[in-house]
Every structure is written in C-alpha cells, then in structure tokens.
Amino acid sequence: MPHVSTGDMLRARGSEVGQAVMATMHSGALVSDEVVNRMVEERLSLKDACKGFILDGYPRTQAQAGHLVAWFDTRGIRELVIHLAVDYNIIIARLTGRRQCPVCGTLYNIASHPPQVDELCDRDGQKLVIREDDQEPVIRERLDAYERQTRPVLDYLRSAGRRVEEVDASGDTPERIFEKIRHAVSSHDRTQNAR
Ligand SMILES: [Zn+2]
C-alpha cells in the first residue's frame, strides 16, 4: 500500500497542483484546504492507490476531513482512522528530555537514551544542548495547536460515525505499537467481513 504523506507531497514537485503549492509556499502563505484537498485527490486517483493507501498528515483540519469523507463516500472507499494516543505528560517528558550535540548532531534522551557521561556527547565530548523547538514553552504551544486544530478532526470523524480505532502509544516500543495497529486493522477487517 502506498504511504501518502502530504508533508512529502508538498515538498515534491511534478504535478500541476504540486507546482501551485510550491508557488504558494514560496510566497510564505499557508497552503489552503482547497489546494491540499485537490493534491490528495490527484494522488489517491493514481493506479497504485486503487487497492488501498495510508494517509499521513491529512486531514489536519475539520474542513479537510469533511471534504475527504464525502470524496470517499462517492467512491465507496471505507476508511479506518488510527489514533495514536500518547499521554501529554509523556510527550512533554520525551521532548523535554531530548538533548542534542551542537557539533555532530547526535540526539540523546536523558530518560531513555542518555549519554555515557552526564550531558556530554559520546562521540566528541561536547556539552549537549536543548533545541529551540524542544523548549517547554514551544512544546506547550505545539500541543495547544494540536488541541485547536487536530483534536476537532477526531471529534468530527467520531460524531459522523466514521471508524476510529484508538491505539495507546504511550509506553511501548515501535515494534509493539506496530503489532497493536496490526491488531486494530485486522479486527476492523473481521467486522467488515461479518457484514
Ligand atoms: Zn557530538
């Protein structure tokens, strides 16, 4: 199944819509819902997506979600939304624990992946720093933006009766989370087949 990431698509060139998006991005303006919707439709209409696809980074606003589900319904596409739920305090602990070497760029985490010597890079002994976008006020702002824009997408999809599966992604390894997602998808498939 193709992995369709709007972030990657916005950076890629080639399509007519892609060119329009690049022009908008270069002008510094936000890319409108309409342009992103068209870009996604164009991508999902390609042959490799005819048996399924994974959407990543979209829909990000309620207007995009409304447009997408209407588009799905006219084509008989049945989607499954996977919500990777992580406790706020865990997100903040992960991000505020992150340290980076200012010289070689190696990332550490004081909780889960600490350097051998406190606050010093294993490779070159440089003093580690906290990146600008990992400062706690910046993290709070990012979480606020999520609450304002993205949380309503989930609420909208649930109230519209779409299939939303919650996967707890708080404390597990990526492998374990993958298994949980696989389980959620296959139990969804079983429900479909039973109808
Ligand atoms: Zn280093």
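Treat the numbers as computed from the prediction; the structure is a model and nothing was measured.

Caption draft 1: Quick peek at helix α4 (residues 62-75). Across its 14 residues, α4 extends 20 Å between first and last C-alpha, which sits within 8% of the 20 Å expected from 1.5 Å per residue. Q64, A65, L68, V69, W71 and F72 are the residues of α4 that are buried. The buried residues of α4 all sit within an arc of 160° when viewed along its axis, so they share a single face. G76 sits one or two positions beyond α4 and adopts a positive phi of about 70°.

Caption draft 2: Up close: the coordination of the zinc ion. Looking at the zinc ion, the protein donor atoms are C101 (SG), C104 (SG), C121 (SG), D124 (OD) and D124 (OD), and they sit 2.3 to 2.5 Å from it. In the primary structure, the donors to the zinc ion are separated according to the pattern C-x2-C-x16-C-x2-D. Remark: D124 occurs in the loop between β5 (107-109) and α6 (136-159) and C104 occurs in the loop between β4 (98-100) and β5; sequence separation between them is 20 residues.

Caption draft 3: Expanded view of the pattern of salt bridges. The full count for this structure, using the stated rule, is 13 salt bridges. Ionic pairing is found between E119 and R99, a salt bridge with its closest N-O pair at 3.6 Å. Taken together, the residues span a long stretch of sequence, with E119 in the loop between β5 and α6 and R99 in strand β4 at a distance of 20 residues. Owing to a relative accessible area of 26%, E119 belongs among the partly exposed residues under this scheme. When its relative accessible area of 12% is taken as the criterion, R99 is described as buried.

Caption draft 4: Main features of unusual backbone geometry. In the segment running from Y58 into P59, the intervening peptide bond is cis, with an omega of -5°. Secondary-structure assignment places P59 in the loop between β2 (54-56) and α4. The residue E119 is not glycine, and still its phi comes out positive at about 65°.

Caption draft 5: Geometry of the packing of helix α3 (residues 33-44) against α4. Closest axis-to-axis distance for the α3/α4 pair is 10 Å, and the angle between their directions is 30°. Here α3 runs over α4; the crossing is right-handed. Of α4, the residues touching α3 (which contributes D33, V36, N37, E41 and L44) are A63, Q64, H67, W71 and F72. The class makeup of the residues in the contact of α3 with α4 is five nonpolar, three polar and two charged.

Caption draft 6: How the structure looks around the side chain of H83. With respect to the element layout, H83 can be found in strand β3 (residues 81-85). Other than its neighbours up to four places away in sequence, H83 contacts Y146, R151, L154, R158, V164, E165, E166 and V167.

Caption draft 7: Molecular detail of the pairing of β3. Residues V81, H83 and A85 line the buried face of β3, whereas the alternating positions I82 and L84 sit on a face that is not buried. One ladder, built from five bridges, connects β3 with strand β6 (residues 164-168); its direction is parallel. Bridged to A85 within β6 is D168.

Caption draft 8: Looking closely at the nonpolar core. In terms of nonpolar packing, the biggest core is built from 13 residues, with L44, F53 and F72 touching the most fellow members. Elements with a minimum of two residues in this core: α1 (6-11), α3 and α4. Broken down by element, the residue count for this core peaks at four residues, all from α3. Look past the residues within four positions of F72 in its chain and what remains in contact with it is L44, F53, L55, I77, E79 and R162.

Rules and cut-offs
Residues numbered from 1 in each chain as written. Predicted model: local features only at pLDDT ≥ 70, side-chain atom pairs only at ≥ 80, totals over all residues. Heavy atoms only, no water. Helix = DSSP H or I, 4+ residues; strand = E, 2+ residues; numbered from the N terminus. Expected span 1.5 Å × (residues − 1). Buried < 20%, exposed > 50% of the residue type's maximum accessible area, 1.4 Å probe, protein only. Arc of directions from axis to C-beta. Donors = N, O, S within 2.8 Å, 3.2 Å for Na, K, Ca; no water. Salt bridge = Lys/Arg side-chain N within 4 Å of Asp/Glu carboxyl O. Axes fitted to C-alpha atoms, helices over the stretch in contact; angles between N-to-C directions. Left-handed = near helix turned anticlockwise from the far one by under 90°. Contact = heavy atoms within 4.5 Å. Nonpolar A, V, L, I, M, F, W, Y, C, P; charged D, E, K, R; others polar. Pairing = 2+ DSSP bridges. Core = buried A, V, L, I, M, F, W, Y, C linked by side-chain atoms within 4.5 Å.

Keep in mind that these numbers describe shape and distance, not what the molecule does.
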